[in-house]
Amino acid sequence: MRDRAFWETWLRRNAAPIRDRMHSVRDWYRAAEVAKGERRAFRAALKNLGETGRRKKGGKSGRRAGKGPAAESPYGARGRGAERDRGGAQREGRLRFTREGRPIVVPDSPEEPAIRVPGHALGDALPKDRVLVRLEKRRGGAPAHGRIVRVVERGIREFVGRYATVGDRRFVRFRDREADLHLPVTVPGGLDPEPGELVLAEITEYPAGGKDGRATIVRLLGKSHTMETIALAVTAARGIPAEFSEGALGEAGRIPATVRVARRGGRGDRNGNLPRVDQRRLPFVTIDGEDARDFDDAVCLVRERGRDRLLVAIADVSHYVPPGGDVDREAYVRGTSVYFPDRCIPMLPPSLSEGVCSLKPGVNRLTVTVDIPFNEQGRPETASFYPSCIRSRARLTYDDVHAYLTRQEERGKGRTIPVEIGEMLRRMETFAGRLTLARADRGALDFDLSEAKIVVREELPREVTAAPRWESHRLIEEFMLLANTAVAEFLSSRGFPFLFRIHEPPAEDRMEEFEDAAGKLLKQARVTERRDISSRLQAWSAAARGGKYERFVNMLLLRSLMLARYGPESMGHFGLALSRYTHFTSPIRRYPDLIVHRVLKAALGDKDLASYLRTISTAGKDMGVHLSARERNAMEAERDVERRAKALYLSSRGEETFSGVITSLTGYGFYVELEECLVEGLVPISSLRDDEYRFSADRGEWVGVVRKRRFSLGERLRLRLRKADVDRGEIDFAIVDTGAGSPLR
């Protein structure tokens, strides 16, 4: 049986040519061959798209009469002259659908509001398409809306959907948080999908001129979701390439897999025009997560003549990836590696990202070292930079270092760490602590929000727990922040063009919203007399620290902040309280870091990269915009996979009850987070049948009209699973008890 989403798609494609002949809903039924059991869904689609099914007096259709011929495309957008600017401003953005199924266009700038698009004004656009939208003039008190002028770029080429049949017709349905799409599908010979089976399909014909589009099944994926189908669905929908081109693979394959270094009086081989320092005898180590797939950075702390020097060695990817080659072009398009719980989609071919560039233990690796001396008071001084060669002594994990520093190693936990490296780790802990204090003194934001760790076995999520965060994580973070800052200061002081990591302060209206919400939670109107934004945020975080609302205040704080981005202009990093900052320490997985490596080498005198500076000078702004967009796309993909994996995890626990805490409230319900794992879901207000509930935005709570039951932030509830939608990554809960919830203690 075809649902409302199917009929909305059908109407967008077929309504315009037949609209004038439709005098009643029954005419629509006959034209669309609507079965009796499908009529309710069809009527809902008619209403949602503004098709009344009736003609007004005078013989004209329900749309405004007397305004000339309806030169419209199948979606209702004007066909001839559609690109002409009729007075309204035009914007480019991505078309998506809200949770309620309403189409909106999200502009490129994160600061611009989404543009509502009526169903009849979609043109030939499909969800996720990049479109040009014209803002229509408001009439009366109606909110502004847009009309799609044209499709700039198609957003979906391949997708994972479910196969369905209606009579002798075959369809595939694609659903996620932004789309619900039905397309007729061709089934190649040799494939025999069953109704309801997951398939990978490719769009072979896009809708145009009143004709339906069409897809072809590429691969059968089985009846049920796995982590593989989830990853495939997300990467296909977001345009993240899973395979490398033959050119990129061939170029990477010609690079030797081993590093041979000839000794020359303490110096290694030459890197272009720069000498390479041989540091293979120094006790470098890598410290990463247990499931890390590539190793960008290694650290070493040496003491010479009573002075300490921190050496941060970063993989010299620029040595292997010259500008303009096949690997470089593909890495730029990808922009970043994408990490899912059980797999990685790398920015560089595996022979580089997991091979010769990765700082594995016991093998020679080419690096660029940031050499930072400390004075007698333990404060960092001016850094120096040079190409180098290292041989990592050990591949340590955060768990290993934590066990050693907390002396759990003595109780049999963690691996045995050699004495020399262990002593170095303890000294590193001391220096990292000083750097943390210095960061707090200059006004940097510092709060931790637990992240979920999804354990995958046999292609299914088996556990969802809170990932631990220890001093070993902070140790590496402080050293990477110090190295990135040193590079930014060096390049900017000498006037070289490069990409800064920019984080602007939040707008004042966002600050007011945050302070209003935090004040209601903490029952305080003001926590500091200082009015600069950094001091206010720090004060609110400090006021919540250790209390029952600490996590919620930090979540609200995080949502109030601007997104960080890349750009050639020096605008500072608000969160770190730095006037100049860049990304340098992860060139295997981030293209902006590779750019900065090349600029640094040019600044040090590498003549082969001198022309690259002109490229950054002229194209730096566009590169920053592109790479910021690719970063956001990767982050959204990672969150999407996490949401779907959590839904799949809970789908097998439908009979259980859980304890959860209300984390946010909306006009359609409230979100809760389970206490046993970091899984969040919605309790729709429509699911509460014991009373009529009204939302008080001022008080931040839902209140029952008769029984006066209240639902507010921090309240603990007993819950059961109501729905786990893996396709959309959405989870709904129902409340088990009918009494008042208990406040968070």
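Residues numbered from 1 in each chain as written. Predicted model: local features only at pLDDT ≥ 70, side-chain atom pairs only at ≥ 80, totals over all residues. Heavy atoms only, no water.

1. Here's the deal with the packing of aromatic side chains
Step number 1: Counted under the stated rule, the structure contains eleven aromatic pairs.
Step number 2: Chaining the aromatic ring pairs together yields one cluster made of F670, Y693 and F711.
Step number 3: Here R334 stacks its cationic end above the ring of F244, 3.7 Å away from the centre of that ring.
Step number 4: Against the face of F431 rests R434, its NZ or CZ located 5.2 Å from the ring centre. (Phe/Tyr/Trp six-rings, centres within 6.5 Å; stacked < 30°, edge-to-face > 60°. Lys NZ or Arg CZ within 6 Å of the ring centre and 35° of its normal.)

2. Digging into the nonpolar core
Step number 1: By size, the foremost hydrophobic cluster in this structure holds 88 residues, and its most contacted members are L352 and V370.
Step number 2: In contact with V370, not counting residues within four places along its chain, are L310, L311, V312, A383, S384, F385, A483, A486, V487 and F584.
Step number 3: With 59 residues, the next largest nonpolar core counts L445, L557, L561 and I731 among its residues. (Core = buried A, V, L, I, M, F, W, Y, C linked by side-chain atoms within 4.5 Å. Buried < 20%, exposed > 50% of the residue type's maximum accessible area, 1.4 Å probe, protein only. Contact = heavy atoms within 4.5 Å.)

3. Topic: the sheet that holds strand β5 (residues 145–153)
Step number 1: With antiparallel pairing, the five strands of this open sheet are ordered in space as β3-β2-β1-β4-β5. At either margin of the open sheet sits one strand with a lone partner, and together these are β3 (115–116) and β5.
Step number 2: Relative to β3, strand β2 (residues 103–107) is paired through two bridges, and the arrangement is antiparallel. From the neighbouring strand, I104 faces β3, where its bridge partner is R116. (Pairing = 2+ DSSP bridges. Helix = DSSP H or I, 4+ residues; strand = E, 2+ residues; numbered from the N terminus.)

4. A look at the packing of helix α5 (residues 246–253) against helix α7 (residues 326–334)
Step number 1: Here α5 crosses α7 at 125 degrees, and the two axes come no closer than 8 Å. Accordingly, the angle class assigned to the pair α5 and α7 is oblique. By crossing handedness, the relation of α5 to α7 is classed as left-handed. Across the interface between the two elements, G247, A248, E251 and A252 from α5 touch D326, V327 and E330 from α7.
Step number 2: For the contact of α5 with α7, the class distribution of residues is three nonpolar, one polar and three charged. (Axes fitted to C-alpha atoms, helices over the stretch in contact; angles between N-to-C directions. Parallel < 35°, antiparallel > 145°, perpendicular 65-115°, else oblique. Left-handed = near helix turned anticlockwise from the far one by under 90°. Nonpolar A, V, L, I, M, F, W, Y, C, P; charged D, E, K, R; others polar.)

5. Notes on the packing of helix α12 (residues 508–522) against helix α13 (residues 533–544)
Step number 1: Two numbers describe how α12 lies on α13: the axes approach to 11 Å, and their chain directions differ by 20 degrees. When the axes of α12 and α13 are compared, the pair comes out roughly parallel. As for how α12 packs across α13, the hand of that crossing is left-handed. Of α13, the residues touching α12 (which contributes E508, M511, F514, E515, A518, G519 and L522) are I533, R536, L537, W540, A543 and A544.
Step number 2: When the residues that make up the contact of α12 with α13 are grouped by side-chain class, the tally is nine nonpolar, one polar and three charged.

6. Overview of the environment of V160
Step number 1: Tracing the chain through its elements places V160 in strand β6 (residues 158–166).
Step number 2: Sequence separation between V160 and D727 is 567 residues, and the spatial gap between their C-alpha atoms is 9.2 Å.
Step number 3: When neighbours within four sequence positions are excluded, V160 is seen to be in contact with F174, L198, V199, L200, L221, T229, L232 and A233.

7. Concerning α7
Step number 1: Those residues of α7 lying buried are V327, D328, E330, A331 and R334.
Step number 2: Buried residues along α7 sit in contact with α5, β17 (343–345), α8 (350–356), α15 (591–604) and α16 (610–651).
Step number 3: Positive backbone phi, at 80 degrees, marks G335, one or two positions downstream of α7.

8. What about the environment of I255?
Step number 1: By the element assignment, I255 lies in the loop between α5 and β11 (267–271).
Step number 2: Residues I255 and V321, spaced 66 residues apart in sequence, show a C-alpha to C-alpha distance of 9.8 Å.
Step number 3: Among all residues touching I255, those that are not within four sequence positions of it are Y320, L352 and V356.

9. Brief notes about the sheet that holds strand β29 (residues 701–704)
Step number 1: Pairing within the open sheet is antiparallel, and its three strands lie in the order β28-β29-β30. Edge positions in the sheet fall to β28 (693–696) and β30 (710–712), since each of these pairs with one other strand and no more. Taken over all neighbouring pairs, the strand axes of this sheet differ in orientation by 20 degrees on average, direction set aside.
Step number 2: As paired strands, β28 and β29 are joined by four bridges and run antiparallel to one another. By the bridge assignment, R694 is partnered in β29 with V703.

10. Topic: the confidence of the model for the protein
Step number 1: Scored by pLDDT, the protein has a mean of 86; 89% of the residues are at 70 or more.
Step number 2: Of the regions scoring below 50 in pLDDT, residues 53–87 engages in 77 contacts with residues more than four places distant in sequence or in other chains.
Step number 3: Contacts of residues 740–745 to residues separated by more than four positions or lying in other chains number 19 contacts, the stretch itself having pLDDT below 50. (pLDDT = per-residue confidence, 0-100.)

11. Overview of the pairing of strand β21 (residues 452–457)
Step number 1: Where β21 and strand β22 (residues 460–466) come together, six bridges link them in antiparallel fashion. Its bridge partner lying in β22, K453 is registered against T465.

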